[in-house]
Amino acid sequence: MNRQDQLKQIADPSFLWDILVIGGGATGLGIALDAVTRGYKTLLVEQADFAKGTSSRSTKLVHGGVRYLAQGDVKLVREASIERGRLCRNAPHLVKNQTFIIPIYNQWDRLKYTIGLKVYDWISGKLTLGSSVFISRKKTIEALPGVKADGLLGGVLYHDGQFDDSRLAINLVQSILEKGGCAINYTKVTGLLKNKEGKIDGAIVEDTETMVKYGIKAKVVVNATGVFVDDILQMDNAAAPKSICVSQGVHIVLDKKFFPSSHALMIPETSDGRVLFAVPWHDKV
Ligand SMILES: Cc1cc2nc3c(=O)[nH]c(=O)nc-3n(C[C@H](O)[C@H](O)[C@H](O)COP(=O)(O)OP(=O)(O)OC[C@H]3O[C@@H](n4cnc5c(N)ncnc54)[C@H](O)[C@@H]3O)c2cc1C
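Residues numbered from 1 in each chain as written. Predicted model: local features only at pLDDT ≥ 70, side-chain atom pairs only at ≥ 80, totals over all residues. Heavy atoms only, no water.

Undergrad: Looking at this model, I keep getting lost on the overall build of the protein chain. Mind explaining?
TA: On a plain count of helices and strands, the protein chain comes out with eight helices and 12 strands. Each principal axis of the C-alpha atoms in the protein chain carries an extent, and together these give about 70 × 40 × 35 Å. A total of 285 residues make up the protein chain; the buried ones form 41% of that total. The contacts in the protein chain between residues at least 6 apart in sequence include a share of 64% that link residues at least 24 apart. Side-chain charges in the protein chain split into 36 positive and 29 negative, and the spacing between the mean points of these groups amounts to 5 Å. (Helix = DSSP H or I, 4+ residues; strand = E, 2+ residues; numbered from the N terminus. Buried < 20%, exposed > 50% of the residue type's maximum accessible area, 1.4 Å probe, protein only. Contact = heavy atoms within 4.5 Å. Lys, Arg positive; Asp, Glu negative; His and termini not counted. Charge placed at Lys NZ, Arg CZ, Asp CG, Glu CD.)

Undergrad: What is the right way to read the site of the ligand from this model?
TA: Every one of the 25 residues lining the ligand counts as a neighbour, but T27, E46, S55, T59 and L61 are closest to it. For the ligand, an oxygen atom lies 2.7 Å from a polar atom in the side chain of T27. At 3.3 Å, a backbone N or O of K60 approaches an oxygen atom of the ligand. About the coverage of the ligand: the protein hides 78% of its 1000 Å² of free accessible area. When residues of the shell around the ligand are assigned to their parent elements, the largest contribution, three residues, is made by strand β8 (residues 187-194). Of the residues assigned to the shell around the ligand, the class counts are eight nonpolar, 14 polar and three charged. (Near = heavy atom within 4 Å. Polar contact = N/O pair within 3.5 Å; in protein donor to acceptor, adjacent residues only side chain to side chain. Areas by Shrake-Rupley, 256 points an atom, 1.4 Å probe, with all protein chains shown as cover. Nonpolar A, V, L, I, M, F, W, Y, C, P; charged D, E, K, R; others polar.)

Undergrad: Please explain the pattern of salt bridges as it appears in this structure.
TA: Pairing between side chains of opposite charge can happen when the charged atoms of each approach one another. Counted under the stated rule, the structure contains 16 salt bridges. A salt bridge links D34 to R38; its shortest N-O distance comes to 2.4 Å. The exposure class assigned to R38 is exposed, which follows from its relative accessible area of 58%. K217 is the salt-bridge partner of D201, the closest N and O atoms lying 3.1 Å from each other. Linking D201 in strand β9 (residues 200-207) with K217 in strand β10 (residues 213-223), this pair joins segments that are 16 residues apart in sequence. Under the relative-accessibility criterion, D201 is labelled buried at 16%. (Salt bridge = Lys/Arg side-chain N within 4 Å of Asp/Glu carboxyl O.)

Undergrad: Got a minute to help me understand the nonpolar core in this structure?
TA: When a protein is soluble and globular, its nonpolar side chains tend to lie buried together. Core analysis: the largest hydrophobic core is formed by 23 residues, its most contacted members being L29, L44 and A183. Of all the secondary structure elements, the ones that give two or more residues to this core are β1 (16-22), α2 (26-37) and α7 (165-178). Residue contributions to this core peak at six residues, all from α7. Setting aside anything within four residues of it in sequence, one finds A183 in contact with Q6, L44, F50, V173, I176 and L177. (Core = buried A, V, L, I, M, F, W, Y, C linked by side-chain atoms within 4.5 Å.)

Undergrad: Any chance you could explain the domain arrangement of the protein chain here in plain terms?
TA: How big an interface is tends to be expressed through the accessible area that disappears when the partners come together. Domain boundaries assigned for the protein chain yield domain 1 (3-55 + 166-236) and domain 2 (95-162 + 252-278). With centres defined by C-alpha atoms, the gap from domain 1 to domain 2 works out at 40 Å. (Domains from an automatic or database assignment.)

Undergrad: How should I be thinking about the pairing of strand β6 (residues 154-163) in this particular structure?
TA: On a regular strand, one side chain projects to one face of the sheet and the next to the other, so that they alternate. Among the 10 residues in β6, 10 count as buried, and that is most of the element. Residues of β6 alternate between two faces, with G154, V156, Y158, D160 and Q162 on one and G155, L157, H159, G161 and F163 on the opposite face, all of them buried. Both strand β3 (residues 61-62) and β6 contribute to a ladder of two bridges, which runs antiparallel. Paired with L61 across the two strands is Q162, which belongs to β6. One ladder, built from 10 bridges, connects strand β4 (residues 95-104) with β6; its direction is antiparallel. Within β6, the residue paired with T99 across the bridge is H159. Here strand β5 (residues 133-136) pairs with β6 via four bridges, running antiparallel. (Pairing = 2+ DSSP bridges.)

Undergrad: Explain the side chain of T140 here, please?
TA: With respect to the helices and strands, T140 occurs in helix α6 (residues 137-143). Among the polar contacts listed, one links the side chain of T140 to the backbone nitrogen of G155, at a separation of 3.0 Å. Excluding its chain neighbours within four sequence positions, the residues that come into contact with T140 are I101, I135, V147, L152, G154 and G155.

Structure below.
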């Protein structure tokens, strides 16, 4: 990966790219890789480093959509399971099988999560990472040190994937370049170009290290800027209404000694209605 070589490729203002992707997170990189492998002349620009946005700050779960099952969205669970299987196959060096345990304190939850996770296994079919099982109170306490023992009946253990989100992003960049595409970090879109009919046909891209600006012409411009999507839309139309409503989660990184387990803890609903995970991650949790 040589950034200077990549910059040379965008120096010619008359060059017409098939696709310009704005945003070097999971979405933009996935789109760029898909495009370049279909033979399109593809350029991706990222204003910071690759995966600097949400794509390096996820909970690192390649889940088959267990949360969507609770909402009854079986189609989405199936789709997520297929994607999980695909990622395990394509990037086995970045995805690992992670066991999760839901502590159970009443018979209703035991029934609900045992059956629910069996359905989850069943929907995943051949792509399942392992069967879910109800484990005893003793085994749950051994597996989840510090779990509230008072009233504990046992736990439901199930399998999902864990992955390294930023390394996956870097591997995607490498694949884009190997396939002949161009992906440049620290290049920010500061404006859009339009043809005589007012149709977007490119963008102004600024190298944020040198402040040099480039005019990029492209047949298609893809806005893959995540939570910044409206900033780009407003470059097209300053009066464009907000199109997304952002949501957020909180990650607290603690020493492994706080939760010395190889299993992850999953609380499907806290007293204030959140989903809570305690997930081992390197020597932290
Ligand atoms: C708390 C939390 C936990 C999550 N956990 C998981 C999980 O465990 N598993 C999972 O699969 N998903 C998870 N997700 C969802 C996942 O992280 C996101 O769906 C994904 O990262 C979105 O990627 P993106 O490429 O759309 O956005 P981003 O990663 O934000 O990428 C957008 C990029 O666009 C760039 N950009 C913006 N403006 C410009 C510009 N003008 N010019 C050039 N570049 C620009 C930004 O710098 C940024 O890098 C989680 C999300 C949150 C919030």
